[in-house]
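Spelled out, the chains give:
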Amino acid sequence: MAARGHVQDPNDRRLRPIYDYLDNGNNKMAIQQADKLLKKHKDLHCAKVLKAIGLQRTGKQDEAFTLAQEVAALEPTDDNSLQALTILYREMHRPELVTKLYEAAVKKIPNSEEYHSHLFMAYARVGEYKKMQQIVPKNPYYFWSVMSLIMQSISAQDEKLSKTMFLPLAERMVEKMVKEDKIEAEAEVELYYMILERLEKYQEALDVVRGKLGEKLTSELQSRENKCMEMYRKLGKWPECNALARRLLLKNPDDWQFYMVYFDSIFQLIDAAWTPPNEGEHSLEGEVHHTTGQAVAFIEQRIAEESGSPRPLRGPYLARLELIRRLQSRGCSEEHALGDPEELMFQYFKRFGDKPCCFTDLKVFVELLPSTQYTKFLNRLLGVIPLSAPSEGEAALPASIKALQQHLCVAQLTRLLGLHHAMDRTQKLGAIQDLMSRYRHGLDFGKSCLKTELQFSDYYCLLAAHLLLDIWLEAGEESAAWHCLTFLEEGLSHSPSNAQFKLLLMRIYCMLGAFEPVVELYTSLDAKHIQHDTIGYLLTRYAPAFGHYAAASQSCNFALRFFHSNQKDTSEYIIQAYKYGAFEKIPEFIAFRSRLNSSLHFAQVRTERMLLDLFLEADISTCLEESIKSMSLSPEEDDIPWNDLQDNRDLVVLFNWDPKDRGISEEHKRLSLEEETLWLRIRSLTLRLISSLPALGHNVHPKNSEKAMENGVSSRIDSTRALLRQLDAAVTSGRRFLEQKIQYPILGPPPSRMAAYFDSGSCQSQTTLFYLVSEIYELDTNGLEDSTAIQERIGNSLKSLLEQLTDQAHKCRGNLLERKEGGFKTHPNVLENLVFFVETISIILWVCSYCDAVLRPGRSSLQKKKKKKKETLANMPPVFTSFQDYISGLQTLTSNMIDHIGGLETSLAALKLEELSIEDSVLSQEEKKFTKTVLGKVQNSYQHAVQEIGELLKKRLETIRNLKL
């Protein structure tokens, strides 16, 4: 453990075995060793804390906390105890307790620089910037105090306060050091620059960078020039901006960012009709270009100089195309002076076509070509590629890796320019065969590749897969989807590290409702850190949808571990930034932490995980209250930051060669965020409504409204009703959104589960159930004897619910996988409807438990009164009969559904895996192998999902059988 390195007192020898046990994960032995030591040395506080760490790691959190607080109450000052308590509180996710620990230590030992530093870092972890500023003057880290002021300004709600108090004070503190000539480190100059920039004192910031202090900015390449450039832009000093960019391009003609600044500034100067002074320098940075003619000449000069360079540079050639694009958009005639865009792109291809980046370079500029020239342009490119036909009648294939890269670039451009989409079905099938033959031929060039390396021809396979997706979506031919999976599985067998193969396989398997293979694929991606937020949605969106409950829980836990560790990890990054003077990174780390805490994906996963836990509870009717308590759920509290939700999903993670009009637009991203937020709101409100049920309980004194108010029951039903109104509003908004019938590109954002929620009938059933809760409460409050109208309403609600549930069950009918002519047909909606059916049954049982808690005491009371008169159940209030009929109908319906699920299992097991084909093409042995693999994965996924759903529903049936008054 970290603390061991700091142990300086005589007890080090005694404590060392406990440290060793904890370091080796032997927590039980650590506890035993600590107990032995405490018997001999009762006042050895560190041993008690180390025992608490052992208890914490064995799941005994309450005991560990009690022990820790006993030691903390003594306000220890020995380094061992303080370090051990710090470790324990971090593991408990209670960093605020560390601050109290060191506050007490500093009070007792006010001259300890080390304890002041520890206290400062403890405040940094919890964001107590004002306290950080107050304690720092007591130690030598003067600029920590300055940074604390900046952080107060960033976190201040009032921007005026930030600009008039915190930042000016920080500026004065740094100016004091400047005047005394005590600025020594680059980090201190960066801090001064940060303050001036936030105060919008751009001229002063520019003076600092250009002056003597700016000479210290050396750690990053061109750090000083970049800062000058930024300040020139903000000050609108376009002549200086232009001159600096020009000068930097003379040094490095391949730096793209400076070309952008050069072009931006020159057009700003043209628009402002700027002219250079008659005498002296054009600007502080030297000569300024202020006409399009000068820009054209400058770019041509760069190209002329580059032609003699031993290493070909792409920058000048791309800058020429960029200048043409800008001139064309402004309607300037000078664009013709630079040449014909088609010819320039052709020459660029001849020079750089064998580089994988050639396609992405040209992608930006193809809009310069008229659509009538697309085919001619592509044919010109093909004409310069050295291809050789193996035999007469066969396609000409590349003879080298360079030729393959060139042809691959043309293949990508073919799709980008829309030629694939203009093909008819027969032409697409021909193109697919051609691409796959080229893919398999290209594997010969990669025989020596390691498993971690990609094959040179992988993109051919991806392009073929995209063409098959076109056929599937446009013509509805599901056989194309199966063929697509076959090609991708084949590609993955040759390139096990190809993330694009895995991502596309994940998407298609999910579209077919097969979640099981997706988990393995996502795991093999080996996503790192922030990727769990940016691409994790590809897994968690489908995790709860298809009945793989165990895998869904595992997937959600995997994502949540990252989000929960973010708070602790980011705090450590901030501490290190303070220690090493990387002040400019501190606001970035804090913004990063905030962005993750406000992540849409985080809110979704957390909500779905809690719902899963509740739905999967073994004893669903009795454990709800305990489960809600363990989750710290409160129906009154909504901890989702609705106004600050951040959509961190990478919606363009899948490679896409589609034309711009078919690609993922900003409007698609906006609509997807709106849809996901609406669905999250519905799920969050459902969770909160479920969590409100145990609090309602049974009113012992139904007619005594004052007593009910004292118990808080009345306010709780008000809370439930308020949530129900919010759910109604969210459902209405959701229906209105779906009426737009938005179609996202297949490689874009996946649609949410909201449409299935409505189509399955689950929405209607669940909403009716929550309204029933309100009616049962009303019955409980008014009493059984004086509530005929309420009982009638409840009876009607129960009948309506049974009808709705019957309709829901009907939508779960049908086969998941059936053989059709030419292949198989999947029905993933059956799985989704089954999952929503099971969710609804779970909510029914919670509501029925509440009904039972209300009706059972009432029945007992009435039976006692009527015992003497020997009246039977027929003379009892009608609500009992309605409830019993409902339970009986529910039992029959659930039992029938279990039988149906058993039938699904049987039909899936009986299916024989047969090879699929498109247009009856003859499959090779290799293709047959992968086709069988794909079918096997889908079939197994369906079987396991149906088994899990069936097992869960059987548990629910047992609970229903016990629901008899």
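Note that the structure is predicted; figures quoted are calculated from it, not measured.

From N to C terminus, the protein chain includes 41 helices and 4 strands. On the principal axes, the C-alpha backbone points of the protein chain span a range of 115 × 85 × 60 Å. Buried residues in the protein chain amount to 54% of all 965 residues. For the protein chain, restricting intrachain contacts to residue pairs at least 6 apart in sequence, the fraction spanning at least 24 positions comes to 72%. Distance between charge centres in the protein chain, computed from 118 positive and 130 negative side chains, equals 6 Å.

This next bit is on empty space enclosed by the protein. Throughout the structure, instances matching the rule amount to 3 cavities of 30 Å³ or more. Of the volumes computed, that of the largest cavity is approximately 220 Å³. Around the largest cavity, the lining is made up of 16 residues, and of these Thr540, Arg541, Gln604, Glu676 and Trp679 lie nearest the centre. Of all elements in the fold, only helix 28 (537-540), helix 31 (600-615) and helix 33 (666-696) reach the threshold of two or more residues within the lining of the largest cavity. Residues of the lining of the largest cavity, tallied by class, amount to 6 nonpolar, 4 polar and 6 charged. Its volume calculated, the second largest cavity comes out at about 70 Å³. Lining the second largest cavity are Pro544, Tyr549, Glu608, Leu611, Leu612, Phe615, Arg683, Val835, Val838, Glu839 and Leu952. For the lining of the second largest cavity, the secondary-structure elements that each account for two or more residues are helix 31 and helix 39 (828-867). Here the lining of the second largest cavity gets 4 residues from one element, more than from any other, and that element is helix 31. Looking at the lining of the second largest cavity residue by residue, the classes come out as 8 nonpolar, no polar and 3 charged.

Looking now at the layout of surface pockets. Where empty space is left becomes clear once a probe the size of a water molecule has been rolled over the atoms. When its volume is computed, the largest pocket comes out at roughly 1,400 Å³. Around the largest pocket sit 46 residues that line it, and Leu473, Met511, Gln743, Tyr744 and Pro751 are the ones nearest its centre. The set of elements that each furnish at least two residues to the lining of the largest pocket consists of helix 23 (458-475), helix 25 (499-511), helix 33, helix 35 (713-738), helix 36 (754-759), strand 4 (823-826) and helix 39. Sort the elements by how many residues they give to the lining of the largest pocket and helix 23 lands first, with 6 residues. Residue classes in the lining of the largest pocket are distributed as 21 nonpolar, 11 polar and 14 charged.

A few words now on the nonpolar core. By size, the foremost hydrophobic cluster in this structure holds 304 residues, and its most contacted members are Leu413, Tyr578 and Phe583. Residues within four places of Phe583 in sequence aside, it is in contact with Phe143, Trp144, Met147, Ala187, Leu191, Met194, Ala577 and Tyr578. Counting 6 residues, the second largest nonpolar core, distinct from the first, contains Ala603, Ile640, Leu645 and Leu680.

Pairs can form between side chains of opposite charge whenever their charged atoms are close. In total, this model carries 57 salt bridges according to the counting rule given. Here Glu197 makes a salt bridge to Lys234, at a shortest N to O gap of 2.9 Å. Of this pair, Glu197 sits in helix 11 (residues 186-198) while Lys234 sits in helix 13 (residues 223-235), and the two are 37 residues apart along the sequence. Residue Glu197 is classed as partly exposed on the basis of its relative accessible area of 23%. Note that Glu285 and Arg210 form a salt bridge whose closest N and O atoms lie 2.7 Å from each other. Placement of Glu285 in the loop between helix 15 (256-271) and helix 16 (292-306) and of Arg210 in helix 12 (residues 202-210) is noted, with a sequence separation of 75 residues between them.

Within the fold, Asn26 resides in the loop between helix 1 (12-23) and helix 2 (27-40). With relative accessibility at 34%, the residue Asn26 sits in the partly exposed group. Between the C-alpha atoms of Asn26 and Thr58, which are 32 residues apart in sequence, the distance is 9.8 Å.

This part covers helix 9 (residues 142-155). Helical geometry note: an α-helix holds 3.6 residues per turn, so side chains three or four residues apart project in the same direction. Helix length check: helix 9 (14 residues) gives 21 Å between terminal C-alpha atoms against 20 Å at 1.5 Å per residue, within 8%. Along helix 9, 11 of the 14 residues are buried, which leaves the element largely enclosed by surrounding structure. Within the sequence span of helix 9, burial applies to Phe143, Trp144, Ser145, Val146, Met147, Ser148, Leu149, Ile150, Met151, Gln152 and Ser153.

Below, the discussion takes up the environment of Ser553. Looking at the element boundaries, Ser553 is found in helix 29 (residues 549-579). In this structure Ser553 comes out as buried when scored by relative accessible area, which is 11%. Sequence-wise, Ser553 and Asp613 are 60 residues apart; in three dimensions their C-alpha atoms are separated by 8.0 Å. Look past the residues within four positions of Ser553 in its chain and what remains in contact with it is Arg609, Leu612 and Leu616.

Further remarks concern the packing of helix 21 (residues 401-416) against helix 23. Running from N to C, helix 21 and helix 23 cross one another at 20°; their axes reach a closest spacing of 10 Å. For the element pair helix 21 / helix 23, the angle class is roughly parallel. By crossing handedness, the relation of helix 21 to helix 23 is classed as left-handed. Residue-level contacts link Leu404, His407, Leu408, Ala411, Gln412 and Arg415 of helix 21 to Tyr459, Tyr460, Leu463, His466, Leu467 and Asp470 of helix 23. Looking at the contact of helix 21 with helix 23 residue by residue, the class counts come to 7 nonpolar, 3 polar and 2 charged.

Attention now moves to the side chain of Gln766. Locating Gln766 in the fold gives a position in helix 37 (residues 762-782). At a separation of 2.8 Å, a polar atom in the side chain of Gln766 contacts the side chain of Ser762. If we ignore the near neighbours within four places in the chain, the residues touching Gln766 are Thr686, Tyr757, Glu839, Thr840 and Ile843.

If you walk through the whole model with that rule in mind, you get 23 aromatic pairs. Judged by centre distance (6.4 Å) and plane angle (85°), the ring pair of Trp679 and Phe836 falls under edge-to-face. With Trp679 in helix 33 and Phe836 in helix 39, the pair connects residues that are 157 residues apart, well separated along the chain. Note on accessibility: Trp679 and Phe836 belong to one class, buried.

Within the secondary structure, Val938 is located in helix 41 (residues 925-961). On the accessibility criterion, Val938 (0% relative accessible area) is buried. Beyond its immediate sequence surroundings of up to four residues, Val938 is in contact with Trp482, Tyr509 and Ala514.

Turning our eyes to something else, we now look at unusual backbone geometry. A negative phi angle is the norm for most residues apart from glycine, just as the trans form is the norm for most peptide bonds. Here the phi dihedral of Ser632 falls at roughly 55°; this positive angle occurs in a residue that is not glycine. Residue position: Ser632 is located in the loop between helix 32 (624-630) and helix 33. At Lys741, a position not held by glycine, the phi torsion is positive, near 50°. When you line up the elements, Lys741 lands in the loop between helix 35 and helix 36.

Thresholds applied
Residues numbered from 1 in each chain as written. Predicted model: local features only at pLDDT ≥ 70, side-chain atom pairs only at ≥ 80, totals over all residues. Heavy atoms only, no water. Helix = DSSP H or I, 4+ residues; strand = E, 2+ residues; numbered from the N terminus. Buried < 20%, exposed > 50% of the residue type's maximum accessible area, 1.4 Å probe, protein only. Contact = heavy atoms within 4.5 Å. Lys, Arg positive; Asp, Glu negative; His and termini not counted. Charge placed at Lys NZ, Arg CZ, Asp CG, Glu CD. 1 Å grid on protein atoms, 1.4 Å probe; cavity = no way out; pocket = protein on both sides within 12 Å on 5 of 7 lines; lining within 4 Å. Points joined across faces, edges and corners; volume = space filled by probe spheres on them. Nonpolar A, V, L, I, M, F, W, Y, C, P; charged D, E, K, R; others polar. Core = buried A, V, L, I, M, F, W, Y, C linked by side-chain atoms within 4.5 Å. Salt bridge = Lys/Arg side-chain N within 4 Å of Asp/Glu carboxyl O. Expected span 1.5 Å × (residues − 1). Axes fitted to C-alpha atoms, helices over the stretch in contact; angles between N-to-C directions. Parallel < 35°, antiparallel > 145°, perpendicular 65-115°, else oblique. Left-handed = near helix turned anticlockwise from the far one by under 90°. Polar contact = N/O pair within 3.5 Å; in protein donor to acceptor, adjacent residues only side chain to side chain. Phe/Tyr/Trp six-rings, centres within 6.5 Å; stacked < 30°, edge-to-face > 60°.

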